[in-house]
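Take a look at the letters that make up each chain.
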Amino acid sequence: MTNAPGQPVHPAILLEGVTKRFGSVVAVDNVTLAVEEGEFFSLLGPSGCGKTTLLRMLAGFETPDEGSVYLRGEDVTLVQPNKRATNMVFQNYELFPHMTVFNNVAYGLKLRRTPKGEIKQRVSEMLEVVGVGGLGARAADQLSGGQQQRVALARALINRPAVLLLDEPLSALDVKLRKRMQLELKSIQDSLGTTFVYVTHDQEEALLMSDRVGIMDHGRLLQIGAPRSIYEHPRNEFVADFVGTLNDFAITVTRTDGDLAVAEHGEGDRIVVMAGEAGSRGDTLRIAVRPERIVVAPVGEESDSGKLGNRLSGRVQDVIYMGPITQYLVDTGMLGRVVSQRVSNEEATSITPGLEVTVTWAVDAAFPLSERDSFDPAIA
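Note that this is a predicted model, so its numbers are computed, not measured. (Residues numbered from 1 in each chain as written. Predicted model: local features only at pLDDT ≥ 70, side-chain atom pairs only at ≥ 80, totals over all residues. Heavy atoms only, no water.)

**Student:** So, the sheet that holds strand β9 (residues 212–217): which residues are in play, and what are the values?
**Tutor:** Spatially, the 6 strands line up as an open sheet ordered β6-β7-β8-β3-β9-β10, and their pairing is mixed. The strands lining the two open edges of the sheet, one partner per strand, are β6 (86–89) and β10 (220–225). Taking the axes of each pair of neighbouring strands and ignoring which way they run, one obtains an average angle of 20 degrees across the sheet. Here strand β3 (residues 40–44) pairs with β9 via 4 bridges, running parallel. Counterpart to Leu43 in the pairing with β9 is Gly214. Where helix α4 (residues 145–157) meets the sheet, it contacts β6, β7 (163–167) and β8 (195–200), and its direction lies at approximately 170 degrees from that of β6. (Pairing = 2+ DSSP bridges. Helix = DSSP H or I, 4+ residues; strand = E, 2+ residues; numbered from the N terminus. Axes fitted to C-alpha atoms, helices over the stretch in contact; angles between N-to-C directions. Contact = heavy atoms within 4.5 Å.)

This is the structure:
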């Protein structure tokens, strides 16, 4: 839907201070969120964090105890699900097994008494879009899991909803098919331009498909941002740990240098972090660095980042080959075990368990960790 000239431009979805309780449990806690037209937005978090409850309030299956829900500027907080310009794809697809693929997809159009010619054209076009164009006459219970997922998507999109809501729709698929469908789902969304709100607990899935991601825990929205921003600049300890893997350290500041906090130990070992005003001499800081930002090299072959910034001496505990990547577990005297993750290559085969090594990373690769807090959209 395009706003006419002079009309206010509304986001596809706006939640204002939405709270939902089930008895004494606060499932969604004062969430404010705007999702723009045509955006692929994912709600990411562990089981029980409130993301599915939030999705169900968007669909109208749950009513907020507090706050308001808007679709394209219209207050739909108390509007019934069948009266909203939304559709939902569930985990189990919920196809009609006794119907053909064509009739499953056409079902919503028939309820709206759409002319038969238009139904045939629109269903055929949609089946082609989702990649099952030749399966219209097949019974739904004769389809593979990936085919069922595509048909469920076509059925949800056929009525041209303003927003499509997806509740972990790929969770029942095997790993290989799931990864392929992630790419195809994003491609379908790009081609149609429909606003998608996608719920998942899989951080890799959210980072791969989304324009923006919202991280939830205990009913609260902790951070919103583009995938790269979420991964490289987490706002707090929970987000940093949930999205990807990380090395998490506690350091004691021995000196400061402008915005840099430095922790020195022994012969040349040191940690340097951009802490701003967060660290003073004698303070203990929690910091984190992603494994792929850490370089492990034999003693004397350290990178420039080690000569200028972070440098630790250590001994390799284990080398774990994982195909495209290799993990190095290094025991350091200063920070205990450090995990490095690098692209597998022949040059690194000289690094073996028991080898004395130097561990380095760039100053801007590490970030201080703050305590868990709620997200304030006013400062996003």
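Let's pick the thread back up.
**Student:** A description of the side chain of Arg155 should follow, citing residues and the corresponding values.
**Tutor:** Among the structural elements, Arg155 can be located in helix α4. Lacking a salt bridge, the buried Arg155 has Glu94 as its closest oppositely charged neighbour, with an N-O distance of 5.5 Å. Of note is the side chain of Arg155, whose polar atom sits 3.5 Å from the side chain of Asn104. Ignoring sequence-local partners within four residues, the contact set of Arg155 consists of Asn87, Tyr93, Glu94, Leu95, Phe96, Asn104 and Val105. (Buried < 20%, exposed > 50% of the residue type's maximum accessible area, 1.4 Å probe, protein only. Lys, Arg positive; Asp, Glu negative; His and termini not counted. Salt bridge = Lys/Arg side-chain N within 4 Å of Asp/Glu carboxyl O. Polar contact = N/O pair within 3.5 Å; in protein donor to acceptor, adjacent residues only side chain to side chain.)

**Student:** How would you explain the sheet that holds strand β2 (residues 25–35) if you had to name every residue and give the values?
**Tutor:** Spatially, 4 strands are ordered β2-β1-β4-β5 in an open sheet, and the strand pairing comes out antiparallel. Whereas interior strands pair on both sides, the edge strands pair on one side only; in this sheet they are β2 and β5 (74–75). Two elements, strand β4 (residues 66–71) and β5, share 2 bridges in a ladder whose sense is antiparallel. For Tyr70, the partnering residue across the bridge sits in β5 and is Asp75. Strand contacts of helix α1 (residues 51–59): β1 (13–22), β2 and β4, with the helix running at about 120 degrees to β1, the strand carrying the most contacts.

**Student:** Kindly report on the nonpolar core, identifying the contributing residues and their values.
**Tutor:** Val123, Leu153, Leu164, Leu166 and Phe196 are the most contacted members of the largest nonpolar core, which has 35 residues in total. For this core, the secondary structure elements donating two or more residues are α2 (101–111), α3 (116–129), α4, β7, α5 (175–192) and β8. The element that contributes the greatest number of residues to this core is α4, accounting for 6 residues. Not counting the four nearest positions on each side in its chain, Leu166 is found in contact with Leu55, Val89, Leu153, Leu185, Phe196, Val197, Tyr198 and Val199. Judged by nonpolar contacts, the second largest core, of 28 residues, contains Ala162, Met216, Leu221 and Ile224. (Core = buried A, V, L, I, M, F, W, Y, C linked by side-chain atoms within 4.5 Å.)

**Student:** For α1, give the residues involved together with the corresponding values.
**Tutor:** The buried fraction of α1 amounts to 7 of the 9 residues, a majority that puts the element mostly inside the structure. Those residues of α1 that sit buried are Lys51, Thr53, Leu54, Leu55, Met57, Leu58 and Ala59. Directly after α1, the chain includes Gly60, whose backbone phi takes a positive value near 100 degrees.

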